[in-house]
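These are the residues of each chain, in order.
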Amino acid sequence: MRLGLDIGGTKIDAVALGDDDTVLARMRVPTGFGAEAVLHNARAAALQTAEAAGASAGAMPPIGIGIPGMVDAGAGVVRYAVNLGLEELALGPELAASLGTAVRIENDVNAASLGAYHLLGLDSSMAYLNLGTGLAAGFVLDGALWRGARGTAGEIGHIPVDPHGEQCACGQRGCLETIASGGWVARKWGGDAALPVLELFDRADAGDARAVALRDELIGGAAAAVRILVLAVDVDAVVIGGGISNLGARLLDRVAAALDAQAETSEFLASLALSSRVRLVPHEQPVAAVGAALAGIRPVPAL
């Protein structure tokens, strides 16, 4: 058995995997804010999930953790996870000492990449496109994570695509994340809906002209992200995950249609068959927690 924890901005999604990689138990607990709360709640999530899965007392399984921020996987340290109130936390060593088991941490998008790769049964190259509050990607090539020279591979949300666009939190202007993310939709659409992207799509389907325009801009940005990933790495598959992926076919079909429309005016793009490479994460599967669990049982090879 091994445990996987996906530590998000509001909740920790925890799973226990058995020998055949099936999910034996799943728990969710609030994340909290700040180092003390995150450590306490991560420990509680691990203990509760292990107990629910039938782990024997005093025999805590190895743990893998996916968490946002800059992650030093070797040292088990996470830095600058601002949404969690963490400037620097030795999460791996501190949990390992507290629980008496091996703990490995990984960037949350990388963990989700591994989970999607595993749950979809892929065996070649994949880019995981995370469309959530922000936009980022992860790469799994022949089962190995590709983190890049300094761990920033996949930060395509901060590729400027419009020199006259919005100011991005990274300090640049017109980044891809400013036109293709849930945070962008919430700012542009406004209102007080709990799920702004869902409301946007519903209103667009009802014929609201402003909603249609914003939806089309979001779809265009997502298609541009797919195009960038394939042109940069030529992966076999681009798997769309993150909160926006819960729209399902309403998102996927429009992204594929946008890619096909672009291919109609470019023989080069047509030759890449971009729309056939795009798919969604398995519906309602805890991909990040599963990927974290897989990372926790053994060091994940990285290119």
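Residues numbered from 1 in each chain as written. Predicted model: local features only at pLDDT ≥ 70, side-chain atom pairs only at ≥ 80, totals over all residues. Heavy atoms only, no water.

**Student:** I would appreciate a short explanation of the sheet that holds strand β6 (residues 77-81) in the present structure.
**Tutor:** Pairing between the strands of a sheet comes from backbone hydrogen bonds, and it takes one of two forms, parallel or antiparallel. The antiparallel open sheet is built from three strands, whose spatial order is β5-β6-β7. At either margin of the open sheet sits one strand with a lone partner, and together these are β5 (70-72) and β7 (86-89). Each adjacent strand pair in this sheet contributes to an overall mean axis angle of 10°, direction not counted. Both β5 and β6 contribute to a ladder of three bridges, which runs antiparallel. (Pairing = 2+ DSSP bridges. Helix = DSSP H or I, 4+ residues; strand = E, 2+ residues; numbered from the N terminus. Axes fitted to C-alpha atoms, helices over the stretch in contact; angles between N-to-C directions.)

**Student:** Just to check I follow, could you spell out unusual backbone geometry for this structure?
**Tutor:** A negative phi holds for most residues other than glycine; trans holds for most peptide bonds. In this structure, Asp-21 takes a positive phi of about 70° despite not being glycine. Its identity as a non-glycine residue notwithstanding, Asp-142 has a phi of 50°, on the positive side. Mapping Asp-142 onto the fold places it in the loop between β10 (135-141) and β11 (144-145). A relative accessible area of 63% means that Asp-142 is categorised as exposed. (Buried < 20%, exposed > 50% of the residue type's maximum accessible area, 1.4 Å probe, protein only.)

**Student:** Help me understand the environment of Val-235, please; the structure alone is not making it clear to me.
**Tutor:** Locating Val-235 in the fold gives a position in the loop between α6 (209-233) and β12 (237-241). For Val-235, a relative accessible area of 0% translates into the label buried. Setting aside residues no more than four positions away along its own chain, Val-235 makes contact with Ser-125, Met-126, Ala-127, Phe-139, Leu-141, Val-230 and Arg-277. (Contact = heavy atoms within 4.5 Å.)

**Student:** Would you mind showing me how to read the sheet that holds β10 here?
**Tutor:** One open sheet accounts for five strands, arranged β11-β10-β9-β12-β13; its pairing is mixed. Edge positions in the open sheet fall to β11 and β13 (278-280), since each of these has one partner strand only. Direction of pairing for strand β9 (residues 125-131) relative to β12: parallel, over a ladder of five bridges. Within β12, the residue paired with Asn-130 across the bridge is Gly-241. The sheet contacts of α6 involve β9, β10, β12 and β13, and relative to β9 the element is tilted by about 155°. Where helix α7 (residues 249-263) meets the sheet, it contacts β9, β12 and β13, and its direction lies at approximately 175° from that of β13.

**Student:** When you look at the confidence of the model for the protein in this model, what are you seeing that I'm missing?
**Tutor:** Note: predicted coordinates in regions of low pLDDT should not be interpreted at a detailed level. Per-residue pLDDT for the protein has a mean of 93; in total, 98% of the residues score no lower than 70. Within the protein, no element has a lower average pLDDT than β11, which sits at 88, and none a higher one than β12, at 98. (pLDDT = per-residue confidence, 0-100.)

**Student:** Could you clarify how one ought to interpret the pattern of salt bridges in this entry?
**Tutor:** Think of it this way: side chains of opposite charge can pair up when their charged atoms draw near. Applying the stated rule across the entire model yields 14 salt bridges. The salt bridge involving Arg-26 is made with Asp-13; its shortest N-O contact spans 2.8 Å. Here Arg-26 is found in strand β3 (residues 23-30), whereas its partner Asp-13 is found in strand β2 (residues 11-17), with 13 residues between them in sequence. Note on Arg-26: relative accessible area 36%, which makes it partly exposed. Residues Glu-166 and Arg-187 are paired through a salt bridge, measuring 3.3 Å at the closest nitrogen-oxygen approach. Pair noted here: Glu-166 is in the loop between β11 and α4 (182-189) and Arg-187 is in helix α4, with a separation of 21 residues, a long-range link. For Arg-187, a relative accessible area of 51% corresponds to the exposed category. Connected through salt bridges with shared partners, the residues Asp-202, Asp-205, Arg-215, Asp-216, Arg-250 and Arg-254 form a single ionic network. (Salt bridge = Lys/Arg side-chain N within 4 Å of Asp/Glu carboxyl O.)

**Student:** Just checking my understanding: could you explain the side chain of Thr-101 for this structure?
**Tutor:** Relative to the helices and strands, Thr-101 resides in the loop between α2 (91-99) and β8 (103-107). With near-sequence residues (within four places) excluded, Thr-101 lies in contact with Met-60, Pro-61, Pro-62, Ile-63 and Ala-96.

**Student:** Explain a nonpolar patch on the surface to me, please; I cannot follow it from the model alone.
**Tutor:** Taken together, Met-70, Tyr-80 and Val-82 make up a surface patch of nonpolar side chains, about 360 Å² in accessible area. Positionally, Tyr-80 belongs in strand β6. (Patch = residues over 30% accessible without salt bridge, like charges linked within 9 Å, V, L, I, M, F, W, Y side chains within 5 Å. Areas by Shrake-Rupley, 256 points an atom, 1.4 Å probe, with all protein chains shown as cover.)

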